[in-house]
Amino acid sequence: MTLLYVGLGIFLIAVDQQQLNLNLSNEVRYVLGGILILYGAARFIRVYQLNKKSRRNRNEE
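Residues numbered from 1 in each chain as written. Predicted model: local features only at pLDDT ≥ 70, side-chain atom pairs only at ≥ 80, totals over all residues. Heavy atoms only, no water.

Q: Explain the overall build of the chain here, please?
A: When you go through the chain residue by residue, the secondary structure sums to three helices and zero strands. Scanning the chain from its N terminus toward the C terminus, one meets helices and strands in the order α-α-α. Scaling as 2.2 N^0.38, a compact globule of 61 residues should have a C-alpha radius of gyration of about 10 Å, whereas the chain reaches 17 Å, well beyond that. The dimensions of the chain, computed from C-alpha atoms along their principal axes, are 55 × 15 × 15 Å. A buried classification covers 15% of the 61 residues belonging to the chain. Expressed as a percentage of contacts within the chain between residues at least 6 apart in sequence, the contacts between residues at least 24 apart total 57%. Carbon and sulfur atoms make up 60% of the accessible area of the chain, which totals about 5100 Å². (Helix = DSSP H or I, 4+ residues; strand = E, 2+ residues; numbered from the N terminus. Rg over C-alpha atoms; globule rule 2.2 N^0.38 Å. Buried < 20%, exposed > 50% of the residue type's maximum accessible area, 1.4 Å probe, protein only. Contact = heavy atoms within 4.5 Å. Areas by Shrake-Rupley, 256 points an atom, 1.4 Å probe, with all protein chains shown as cover.)

Here it is in structure tokens:
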């Protein structure tokens, strides 16, 4: 899911306005794309930290 959010954010920023055919201004597309990229990155960091903690707990047992 994290890759999906980041990919969608990059897609919104990179695609041409006429190809997308949405009634969004460039500013709104950039802000929404940036939010999606940041949200995907935050989810990745959270999952990575939980996975790292889980591995550490299994090694201690």
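Q: What is the right way to read the confidence of the model for the chain from this model?
A: On average, residues of the chain carry a pLDDT of 90, and 98% of them reach 70 or more. Summarising per-element confidence for the chain, the mean pLDDT is lowest in helix 2 (residues 17–20) (76) and highest in helix 1 (residues 2–14) (94). (pLDDT = per-residue confidence, 0-100.)

Q: Help me understand the packing of aromatic side chains, please; the structure alone is not making it clear to me.
A: What describes a pair of aromatic rings is the distance from one ring centre to the other and the angle between the planes of the rings. Overall, the coordinates contain two aromatic pairs when judged by the stated rule. Centre to centre, the rings of Tyr5 and Tyr39 are 5.0 Å apart; their planes meet at 80°, and the pair counts as edge-to-face. Of this pair, Tyr5 sits in helix 1 while Tyr39 sits in helix 3 (residues 26–60), and the two are 34 residues apart along the sequence. With centroids separated by 6.3 Å and ring planes inclined at 20°, the aromatic side chains of Phe44 and Tyr48 adopt a geometry described as stacked. Taken together, the residues Phe44 and Tyr48, both in helix 3 and four residues apart, mark about one turn of the helix. (Phe/Tyr/Trp six-rings, centres within 6.5 Å; stacked < 30°, edge-to-face > 60°.)

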